[in-house]
Amino acid sequence: MTASADFCFPPPIPVGIPVQGTSSLFPVHRVYCVGRNYVEHAKEMGFTGREPPFFFLKPADAVVPVAEGATGRIPYPSLTHNLHHEVELVVAIGKGGRNIAAVDALAHVFGYAVGLDMTRRDLQGEMKKQGRPWCIGKAFDASAPIGPICQANQVPNIAQARIQLQVNGVVKQTSHISQLIWNISETIEHLSAAWELQPGDLIFTGTPEGVDAVGRGDTLVAQVDGLVTLTLQIA
Ligand code: MN
């Protein structure tokens, strides 16, 4: 398959995320997400302990890049009455591979960004109860707003950074990346055992405690120390 192939209609252009301090865009390939990766969030969802990490995906075109200093806007999604925020550190993969050992994992990281794993919690809960896939709760349109990517060498202290989310000026989620059950390297090891990672993959690493509902008109400010702040309004 080449760019000059005779497609029956123009293929979609990948979503591009601004790379801080450059004029280039990071082309999104896949969006992986880790479930329940902070102890206190696992507890608030009714679980305890260090279970093996598990993963779900969002469509690459669910990513909504938000530029530095801008306020991104996503529509309140259909079918839900309980749209939740989940602030997350996002790892951007620059070098692919399979069966990547944790000790080698950081060499595969291009950079980091702040993301929101927006969740239709009522639909997710209903699917869980029925033992069905979560897609309708997690993988809907515009469900993955994300700020600019900072290159890894510019955020050497990411593993100790504070992560926080404010809604309308009130702190709703706050923790530290050091509280991840499975750290960045371990997450890459587990993920790359199940899928071959590719340049352009994103990994939403999980959310700390304090997830809650947001409504139309709410403004979310998501921060991880050292990264560009993500500001989002629900339209
Ligand atoms: Mn999440």
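As the structure is a computational prediction, the values presented were derived from the model and not from experiment.

1. Notes on the environment of proline 14
Item 1. Following the sequence through the fold, proline 14 ends up in the segment before strand E1 (16-18).
Item 2. Each C-alpha atom, one on proline 14 and one on glycine 97, is 21 Å from the other, the two residues being 83 residues apart in sequence.
Item 3. For proline 14, the residues in contact, after removing those within four places along its chain, are Pro27 and Val28.

2. As for the coordination of the manganese ion
Item 1. The manganese ion binds to the protein through Glu86 (OE), Glu88 (OE) and Asp117 (OD), with metal-donor distances spanning 2.0 to 2.1 Å.
Item 2. Read N to C, the donor residues that coordinate the manganese ion are spaced as E-x1-E-x28-D.

3. Remarks on the pairing of strand E6 (residues 71-74)
Item 1. Here E6 shows one buried face, formed by Gly72 and Ile74, and one open face, formed by Thr71 and Arg73.
Item 2. Summarising the sheet, E6 and strand E18 (residues 230-234) pair through four bridges and their orientation is parallel. For arginine 73, the partnering residue across the bridge sits in E18 and is glutamine 233.

4. As for the packing of aromatic side chains
Item 1. A full pass over the atoms with the stated rule returns five aromatic pairs.
Item 2. Counting every residue linked through ring pairs, the aromatic cluster contains Tyr32, Phe55 and Trp195.
Item 3. The cationic tip of arginine 36 hangs over the ring face of phenylalanine 47; the distance from NZ or CZ to the ring centre is 3.5 Å.

5. A closer look at the sheet that holds E18
Paired through backbone hydrogen bonds, the strands of a sheet run either parallel or antiparallel to each other.
Item 1. Here we have five strands laid out as an open sheet, ordered E6-E18-E17-E13-E14, and mixed in their pairing. Only two strands of the sheet have a single partner each, and these edge strands are E6 and strand E14 (170-176). The mean angle between the axes of side-by-side strands here comes to 20°, regardless of whether they run parallel or antiparallel.
Item 2. Sheet topology places strand E17 (residues 219-224) next to E18; four bridges connect them, and they run antiparallel. Following the sheet pairing, leucine 220 is matched in E18 by leucine 232.

6. Digging into the sheet that holds strand E7 (residues 83-85)
Item 1. One open sheet accounts for three strands, arranged E10-E7-E16; its pairing is antiparallel. Two strands close off the open sheet at either side, each with one partner strand: strand E10 (119-120) and strand E16 (212-213).
Item 2. Judged from the two bridges that link them, E7 and E16 form a sheet pairing that is antiparallel. Note that in E16 the partner of histidine 84 across the bridge is alanine 213.

Calculation criteria
- Residues numbered from 1 in each chain as written.
- Predicted model: local features only at pLDDT ≥ 70, side-chain atom pairs only at ≥ 80, totals over all residues.
- Heavy atoms only, no water.
- Helix = DSSP H or I, 4+ residues; strand = E, 2+ residues; numbered from the N terminus.
- Contact = heavy atoms within 4.5 Å.
- Donors = N, O, S within 2.8 Å, 3.2 Å for Na, K, Ca; no water.
- Buried < 20%, exposed > 50% of the residue type's maximum accessible area, 1.4 Å probe, protein only.
- Pairing = 2+ DSSP bridges.
- Phe/Tyr/Trp six-rings, centres within 6.5 Å; stacked < 30°, edge-to-face > 60°.
- Lys NZ or Arg CZ within 6 Å of the ring centre and 35° of its normal.
- Axes fitted to C-alpha atoms, helices over the stretch in contact; angles between N-to-C directions.

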